Amino acid sequence: MNTDTSSPETAPSGVLLVHGAWHTGTAWDGVAAGLRARGIPVAVAELHRGSLAGDIAAAEAALDELAGSGPAIACGHSYGGAVITGLPAGRIAHLVYLAAMMPDIGETSMGLLAGAPPSDLRACIVGDFTGITTIDPERAGPLFHAQLDADSRAEHVTKLVPQVMAPGYEATTTAAWHARPSSYVLCTDDRAVHPDLQRRFGTRATHTITWNSDHGAFASHEADTVELLARLAAPAG
């Protein structure tokens, strides 16, 4: 666990938002709008590049969109946690893991899921685990967004896309959380990433925050997510 809670020498340049598997950057629309309304610059990564390394490169490219000179706050949801873990530590002020994978060097997202108590995720996946999969649209709402009303849940489900599974089997080669402070947001009503696995990740983080949230905390706890990221992005002093 990294215990360095020192502030970067310059103010954070903004917030990088990294979506999870089967999602796109549109998952962050509400959070991004809330941060921008507070005057905080936001960059949203678009993944699905076919490999973990490709997704990390896409996230790093999104960092380039932030105009400030300081390192950024990087927030990853679900698989997006593996992506922010691989970012160069020097470009990150603080890592935020939102019901996310938080792998160490040599670990894979699928390996971590396989070693945890079973969740509802596997039963909801349709397709070839070695190729491309989708999430059963009849099960996706309860899996990801159990706390939303039916209309909001359906809206999020329509935005899901097919997922190439290869990145989930590729090992992490660097772990920025060893060098930079981090916050893990543990979601106790998560049906996709088992809360027990999240508790394990929480022991790696500098700080752990517990929300009674479903997996899609960016939606069910949108205001809380904005508040957390805005606080971290505020200039020191």
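The rules behind the values
- Residues numbered from 1 in each chain as written.
- Predicted model: local features only at pLDDT ≥ 70, side-chain atom pairs only at ≥ 80, totals over all residues.
- Heavy atoms only, no water.
- Helix = DSSP H or I, 4+ residues; strand = E, 2+ residues; numbered from the N terminus.
- Buried < 20%, exposed > 50% of the residue type's maximum accessible area, 1.4 Å probe, protein only.
- Polar contact = N/O pair within 3.5 Å; in protein donor to acceptor, adjacent residues only side chain to side chain.
- Contact = heavy atoms within 4.5 Å.
- pLDDT = per-residue confidence, 0-100.
- Pairing = 2+ DSSP bridges.
- Phe/Tyr/Trp six-rings, centres within 6.5 Å; stacked < 30°, edge-to-face > 60°.
- Core = buried A, V, L, I, M, F, W, Y, C linked by side-chain atoms within 4.5 Å.
- Salt bridge = Lys/Arg side-chain N within 4 Å of Asp/Glu carboxyl O.

## Concerning the side chain of T24
Among the secondary structure elements, T24 is positioned in the loop between strand 1 (15–18) and helix 1 (29–37). The exposure class of T24 is buried, given its relative accessible area of 15%. There is a polar contact of 2.8 Å between the side chain of T24 and the side chain of T26. If sequence neighbours within four positions are ignored, T24 has contacts with H19, E46, K159 and V161.

## Examining the confidence of the model for the protein
Overall, the prediction assigns the protein a mean pLDDT of 94, with 95% of residues at 70 or greater. For the stretch residues 3–8, pLDDT sits under 50, and the model shows 11 contacts to residues farther than four places along the chain or on other chains.

## Observations regarding the pairing of strand 6 (residues 132–135)
Residue alternation in strand 6 divides its side chains into a buried set, T133 and I135, and an unburied set, I132 and T134. Inspection of the sheet shows strand 5 (residues 125–127) paired to strand 6 by three bridges, in the antiparallel sense. The residue bridging V126 from the neighbouring strand is T134, located in strand 6. Two successive antiparallel strands, strand 5 and strand 6, enclose a turn made up of four residues. The pairing of strand 6 with strand 7 (residues 163–164) spans two bridges and is antiparallel. Note that in strand 7 the partner of T133 across the bridge is Q163.

## Some details on the packing of aromatic side chains
Under the counting rule described, the total for this entry stands at three aromatic pairs. Ring centres of W28 and F218 lie 5.8 Å apart, and the angle between their planes is 50 degrees; this geometry places the pair in the tilted category. Taken together, the residues W28 in the loop between strand 1 and helix 1 and F218 in helix 9 (residues 217–220) connect sequence positions 190 residues apart. Just as W28 is buried, F218 falls in that class too. Ring geometry for Y97 versus Y184: centroids 6.3 Å apart, planes at 10 degrees, classification stacked. Here the residue Y97 occupies a position in strand 4 (residues 92–98), and Y184 occupies one in strand 8 (residues 182–187), the gap between them amounting to 87 residues. Neither residue differs from the other here; Y97 and Y184 are each classed as buried. Through successive ring pairs, a cluster of aromatic residues spans Y97, Y184 and F201.

## Side note on the environment of M165
Here M165 shows up in the loop between strand 7 and strand 8. Apart from the residues lying within four places of it in its own chain, the contact partners of M165 are W22, M110, D128, F129, G131 and T133.

## Concerning unusual backbone geometry
Backbone geometry at W22 places phi at a positive 65 degrees, although glycine is not the residue there. Mapped onto the elements of the fold, W22 is located in the loop between strand 1 and helix 1. On the basis of relative accessibility, which here comes to 7%, the residue W22 falls in the buried class. The phi dihedral of H48 falls on the positive side, at around 60 degrees, and the residue is not glycine. Within the secondary structure, H48 sits in the loop between strand 2 (42–44) and helix 2 (52–63).

## Describing the nonpolar core
In terms of nonpolar packing, the biggest core is built from 50 residues, with L16, V18, W22, V83, L87, Y97 and I135 touching the most fellow members. Ignoring any residue separated from it by four or fewer positions in sequence, one finds I135 in contact with W22, L121, C124, I125, A140, L143 and F144. V31, V42, V185 and A230 belong to the second largest nonpolar core, which has 28 residues in total.

## Overview of the pattern of salt bridges
Scanning the entire structure with this criterion turns up seven salt bridges. Linking K159 and E155 is a salt bridge whose minimum nitrogen-to-oxygen distance equals 3.9 Å. A salt bridge links R199 to D196; its shortest N-O distance comes to 2.6 Å. In this pair, R199 and D196 both sit in helix 8 (residues 195–202), three residues apart, roughly one turn of the helix. Taking relative accessible area as the criterion, R199 reaches 41% and is therefore assigned partly exposed. With a relative accessible area of 40%, D196 lands in the partly exposed category.

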